[in-house]
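# Architecture at a glance
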Amino acid sequence: MTLRLTWSDFPDRLRARLEEVLGGPVVGTHSCRGGFSSSSAEILRSSAGRRLFVKAVREQDNPGSMRLNRAEATVLEQMPDAAPVPALVAVIEQDEWFVLVTEAAPGELPAEPWDPAQLDQVLAAFDALQDATTPCPVPGLPSVAESLGPDMLGFDRVAEDPPTNLDPWLAARLDELRAAARRGIHALDGDTLCHSDVRADNLLIVDGSGHIDGGEVSIVDWAWASRGSRVADALQLLSSVEDVGGTLAVNARADAVLDAHGLPRQVGSDVFAGILGFFVDASRWPRDPSLPLLQQHRIQRRDSLLALVRERWE
């Protein structure tokens, strides 16, 4: 989704250090799809047969990516073994480079449009994550309300300065949507470790069809980890699912998640409204040349989530 660094960009000293971790010379690389960072995102394979996932970046490439990789390292260092998350192998700081090395997760990115069985696999994986990380094992994390709350107040900013192309349905309900978003922020509070940046490209799935125990899901890219509600990640995931034609029954799945945790279904409407407010606001932000496809992503999310919110409200 953006231009990333690769193995060929690394200096010789860093390559040698990584080959020490891998137990032999690198004989193959595989660049991973997805994401908006300029950081490398590659699986390196050594002559010894070991495969590891590597993120590497310098301050000069993107200061934000450097900060996020450091934050992710802090979280992975304290991740329970039972969590469906690739284990941290090494953190390397050499010259101007910061490098994060984890086990290479098996599987592929989810199919898009989403397959219903894969969507259910991922929702089950979030249940497993919550079981392993409640109470939150990483001290000092912001709450989801703190980390996502300001973003979810997007309708406040839209009301202060409405865009000329604001959808009429939204314009007629701005006050209601602003109130709903505030309720949604409050509902996301809790003491579970939350990923807080759930998208299809942060998930890897081994197909569970034909297997007694089902497939395997790995949840990756933990730079935005927060502490919050057990339903926070599931609702964020469902808010990101493109459901053209309604075949995935996203709103029904959201209601099932809330029912399973004994929460009112209104929580889903409120959280989705807050996330929609972010994308309505962010879709008009200036384009960042270092992240060339991010604005297109925001516009697509705005339009698809609007349909989801309208369905819940009407």
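Everything below is about the structure printed above this text.
Residues numbered from 1 in each chain as written. Predicted model: local features only at pLDDT ≥ 70, side-chain atom pairs only at ≥ 80, totals over all residues. Heavy atoms only, no water.

### Brief notes about the overall build of the protein chain
- Summing up its helical and strand segments, the protein chain has 11 helices and 9 strands in all.
- Since a compact globule built from 314 residues should have a radius of gyration of about 20 Å, the 20 Å found for the protein chain is in line with a globular shape.
- Summarising its shape, the C-alpha atoms of the protein chain cover approximately 60 × 50 × 40 Å along the three principal directions.
- Across the 314 residues that make up the protein chain, the buried fraction comes to 52%.
- Considering only contacts in the protein chain between residues 6 or more positions apart, those separated by 24 or more positions represent 71%.
- Put simply, the protein chain shows about 14300 Å² of open surface, and 51% of that area lies on carbon and sulfur atoms.
- With 29 positive and 47 negative side-chain charges, the protein chain shows a separation of 3 Å between the mean positions of the two kinds. (Helix = DSSP H or I, 4+ residues; strand = E, 2+ residues; numbered from the N terminus. Rg over C-alpha atoms; globule rule 2.2 N^0.38 Å. Buried < 20%, exposed > 50% of the residue type's maximum accessible area, 1.4 Å probe, protein only. Contact = heavy atoms within 4.5 Å. Areas by Shrake-Rupley, 256 points an atom, 1.4 Å probe, with all protein chains shown as cover. Lys, Arg positive; Asp, Glu negative; His and termini not counted. Charge placed at Lys NZ, Arg CZ, Asp CG, Glu CD.)

### Structural notes on the packing of helix H8 (residues 232-240) against helix H11 (residues 294-313)
- Closest axis-to-axis distance for the H8/H11 pair is 9 Å, and the angle between their directions is 105 degrees. The orientation of H8 with respect to H11, classified from their angle, is roughly perpendicular. On H11, the residues that touch Leu238, Ser239 and Ser240 of H8 are Arg301, Leu305 and Leu308.
- Of the residues belonging to the contact of H8 with H11, the class tally is 3 nonpolar, 2 polar and 1 charged. (Axes fitted to C-alpha atoms, helices over the stretch in contact; angles between N-to-C directions. Parallel < 35°, antiparallel > 145°, perpendicular 65-115°, else oblique. Nonpolar A, V, L, I, M, F, W, Y, C, P; charged D, E, K, R; others polar.)

### Quick word on the sheet that holds strand E5 (residues 97-103)
- Read from one edge of the open sheet, 5 strands run E1-E2-E3-E5-E4, paired in antiparallel fashion. The sheet terminates laterally at strand E1 (26-31) and strand E4 (88-94), the two strands that pair on one side only. Strand-to-strand twist in this sheet, taken as the mean axis angle between neighbours without regard to direction, amounts to 25 degrees.
- In the sheet, strand E3 (residues 51-58) pairs with E5 via 7 bridges, with the strands oriented antiparallel. From the neighbouring strand, Phe53 faces E5, where its bridge partner is Thr102.
- Sitting on the sheet, helix H2 (residues 63-76) touches E3, E4 and E5, and the angle it makes with E5 is about 40 degrees. (Pairing = 2+ DSSP bridges.)

### Brief notes about H8
- Extensive coverage of H8 is indicated by the burial of 9 of its 9 residues.
- Of all the positions in H8, only Ala232, Asp233, Ala234, Leu235, Gln236, Leu237, Leu238, Ser239 and Ser240 are classed as buried.

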